[in-house]
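# Chain and residue survey
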Amino acid sequence: MELSKLDIANTTARPRYDREAGTLVGSRCERCLATSWPGRAVCHRCGYAPTTITSFAQTGMMLSYTTVWVARPGVTPPFTLAQVKLDDGPMIVGHARELAEGTRVPLHVVLVLGEDPEMTPLFWFEPAPDVPHADGSWAAAQSG
Ligand SMILES: [Zn+2]
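Overview of the structure. It should be emphasised that the depicted structure is a prediction, and the values quoted were computed from it without experimental measurement. (Residues numbered from 1 in each chain as written. Predicted model: local features only at pLDDT ≥ 70, side-chain atom pairs only at ≥ 80, totals over all residues.)

### Brief notes about the overall build of the protein
The test is simple: Numbering of helices and strands runs from the N terminus, with a helix taken as a DSSP run of H or I at least four residues long and a strand as a DSSP run of E at least two residues long. Any residue with 12 or fewer other C-beta atoms within 10 Å of its own C-beta is exposed, any with 20 or more is buried, and the rest are partly exposed; the C-beta atoms used are placed from the backbone. It is the C-beta atoms, placed from the backbone, that decide contacts: two residues are in contact if theirs lie within 7 Å.
Helix and strand content of the protein: zero helices and nine strands. When the elements of the protein are put in sequence order from the N terminus, they spell out β-β-β-β-β-β-β-β-β. Burial analysis of the protein (144 residues in total) assigns 24% to the buried set. A separation threshold of at least 6 residues defines the contact pool for the protein, and within that pool the share at least 24 residues apart is 49%.

### Quick word on the nonpolar core
Cut-off, in case you're wondering: Residues of type Ala, Val, Leu, Ile, Met, Phe, Trp, Tyr and Cys that are buried and joined through C-beta atoms within 7 Å form what is called a nonpolar core. Delimitation of the domains relies on an automatic or database domain assignment.
Of all hydrophobic cores here, the largest spans 17 residues; its most connected members are Met62, Ala82, Val84, Ala96, Val109 and Phe125. Of all the elements in the fold, those that place two or more residues in this core are strand S5 (59–68), strand S6 (79–86), strand S8 (107–113) and strand S9 (123–127). Per element, the largest residue contribution to this core is four residues, and it comes from S8. In terms of domain composition, this core takes at least three residues from each of domain 1 (9–55) and domain 2 (59–127).

### Comments concerning the pairing of S9
Moving residue by residue along a regular strand, the side chains alternate between the two faces of the sheet. Rules: In this scheme, strands are said to pair when DSSP sees at least two bridges between them.
One ladder, built from two bridges, connects strand S7 (residues 91–96) with S9; its direction is parallel. Counterpart to alanine 96 in the pairing with S9 is phenylalanine 125. As defined by bridge partners, S8 adjoins S9 across five bridges and the pair is classed as antiparallel. In the sheet register, valine 109 faces S9, and the bridge partner there is proline 127.

### Quick notes on the sheet that holds S7
In any sheet, the strands associate via hydrogen bonds between backbone groups, in a parallel or an antiparallel arrangement. Cut-off, in case you're wondering: Inter-axis angles, ranging from 0 to 180 degrees, are taken between N-to-C directions of lines fitted to C-alpha atoms, where helices are fitted over the stretch in contact.
Read around the closed barrel, the five strands follow the order S5-S6-S7-S9-S8; overall the barrel is mixed. Along the sheet, successive strands turn relative to each other by an average axial angle of 50°, direction set aside.

Structure (structure tokens):
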């Protein structure tokens, strides 16, 4: 298959979020179900194309996080970066906010989209003690 024959918008033109739904938008492979954010034209796991553009759950599991002490454009240190596995989607690395000191992982989190699409960061994750997850389970309250 020639990639030039795929009728898919290039990376910068593909949607990355759905502001109305408050979700990240990426891709899901119709053959192997691999997910990706930002969305990919061709599956990174099996090479199938085209992929399906899809919105992912607002909930996920934070698996790790770290404090960053180096400034980035538009971001004043210190800030927290976290590795989050979305409930029905890919692993995302993004900002985390509202974490109590000594927060333990894994921790259920919810995605928050910033109000201003020009702001950095565009989205972040917060602890989600009262949010139902895509699998029907409820997050346990965070302890200590
Ligand atoms: Zn695939």
